[in-house]
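So you can see what is in the structure, the chains are spelled out below.
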Amino acid sequence: VTVEDRIYRRWNRAVKRAADLGVGTLLVLLTSPVLLPLVLVVAVAISLESPGPVLFRQRRVGKGGRPFSMLKFRSMCEEAEELRQELADLNDAQGPLFKMRQDPRVTRVGRIIRRYSIDELPQLINVFKGNMALVGPRPPLLSEVELYQNWQTRRFDVQPGIVGLPQVSGRSRLTFDEVIRLDLYYIDNWSLLMDLKILMKSIPAVLHGRGAY
């Protein structure tokens, strides 16, 4: 006998989607006096510091293991992907992740917008398009998924999110296994109240910038 987790039920998925659209629209409307000038300043700063597009499109793995294009403000030099192989031995993360505390590919503007998660703002477009949610497991790179164990792929059972439980529980200070286990805990115990708590906790997490690099 099995019991279907709440997040898999059709009605709950519909409610979560409606909440994403409602809260996302409300956030944009309420913060637009600050958000629009911020976006303009960030776009100009990125363009002035280094050549390349302001928005960075990256292939990530979403629900059902399907790839999609995730949007971010560009925080690295244009040739960042080509330089990654040269920096592989300097990886500070464990497991499939690749992270460096002092990544030379990150621009000066990039360090600021990463610290306060401003680079993630364009992902609201992904939420409105329907390939991301406000809250959920962060979508990994295709190259990372190739190194996953079977039990870790269960995080693809749900829509990826802009922020997840690991991001308000330590961010980059967590090990890869801790991140996965927190994501699975979220899936097994999902509720709208949990989503709201994670969104509220993300505010001080972003403002303090702890564990972000």
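See the structure shown above.
Asker: So what's going on with the overall build of the protein? Residues and values would help.
Answerer: Of the regular secondary structure elements, the protein holds seven helices and four strands. Moving toward the C terminus, one meets the helices and strands of the protein in the order α-β-β-α-α-α-β-α-β-α-α. Projected onto its principal axes, the C-alpha positions of the protein cover 55 × 45 × 30 Å. Buried positions account for 43% of the 213 residues belonging to the protein. Expressed as a percentage of contacts within the protein between residues at least 6 apart in sequence, the contacts between residues at least 24 apart total 70%. By element, 60% of the accessible surface of the protein is carried by carbon and sulfur atoms, the whole surface being about 12,100 Å².

Asker: Any details on the side chain of Asp-20? Residues and values, ideally.
Answerer: If you trace the backbone, Asp-20 turns up in helix α1 (residues 10–49). Buried charge Asp-20 goes without a salt bridge, the closest partner of opposite sign being Lys-16 at 4.7 Å. Aside from chain neighbours lying at most four places away, what touches Asp-20 is Val-127, Ala-133 and Leu-134.

Asker: Can you explain the nonpolar core? Please cite residues and give values.
Answerer: Within the largest apolar cluster, 25 residues are counted, with the highest numbers of intra-cluster contacts made by Tyr-186 and Ile-198. Of all elements in the fold, only β2 (67–73), α4 (123–129), β3 (133–135), β4 (161–163), α6 (176–188) and α7 (192–208) reach the threshold of two or more residues within this core. Broken down by element, this core gets its largest block of residues, five residues, from α6. The contact partners of Tyr-186, leaving out residues within four places of it in the chain, are Ile-7, Lys-16, Val-135, Gly-136, Pro-137, Met-194, Asp-195 and Ile-198.

Asker: So, a negative patch on the surface: which residues are in play, and what are the values?
Answerer: Residues Glu-78, Glu-79, Glu-81 and Glu-82 make up a contiguous surface patch of negative charge. Summarising the element assignment, Glu-81 is placed in helix α2 (residues 80–84). With relative accessibility at 42%, the residue Glu-81 sits in the partly exposed group.

Asker: Describe the packing of α1 against helix α3 (residues 108–115), listing the residues and the values that go with them.
Answerer: Running from N to C, α1 and α3 point in directions that differ by 150°, and their axes come no closer than 9 Å. Put simply, α1 runs roughly antiparallel to α3. Here α1 contributes Val-42, Ala-45, Ile-46 and Glu-49 to the contact with α3, which in turn contributes Arg-108, Val-109 and Ile-113. Partitioning the contact of α1 with α3 into residue classes produces five nonpolar, no polar and two charged.

Scoring rules and cut-offs
Residues numbered from 1 in each chain as written. Predicted model: local features only at pLDDT ≥ 70, side-chain atom pairs only at ≥ 80, totals over all residues. Heavy atoms only, no water. Helix = DSSP H or I, 4+ residues; strand = E, 2+ residues; numbered from the N terminus. Buried < 20%, exposed > 50% of the residue type's maximum accessible area, 1.4 Å probe, protein only. Contact = heavy atoms within 4.5 Å. Areas by Shrake-Rupley, 256 points an atom, 1.4 Å probe, with all protein chains shown as cover. Lys, Arg positive; Asp, Glu negative; His and termini not counted. Salt bridge = Lys/Arg side-chain N within 4 Å of Asp/Glu carboxyl O. Core = buried A, V, L, I, M, F, W, Y, C linked by side-chain atoms within 4.5 Å. Patch = residues over 30% accessible without salt bridge, like charges linked within 9 Å, V, L, I, M, F, W, Y side chains within 5 Å. Charge placed at Lys NZ, Arg CZ, Asp CG, Glu CD. Axes fitted to C-alpha atoms, helices over the stretch in contact; angles between N-to-C directions. Parallel < 35°, antiparallel > 145°, perpendicular 65-115°, else oblique. Nonpolar A, V, L, I, M, F, W, Y, C, P; charged D, E, K, R; others polar.

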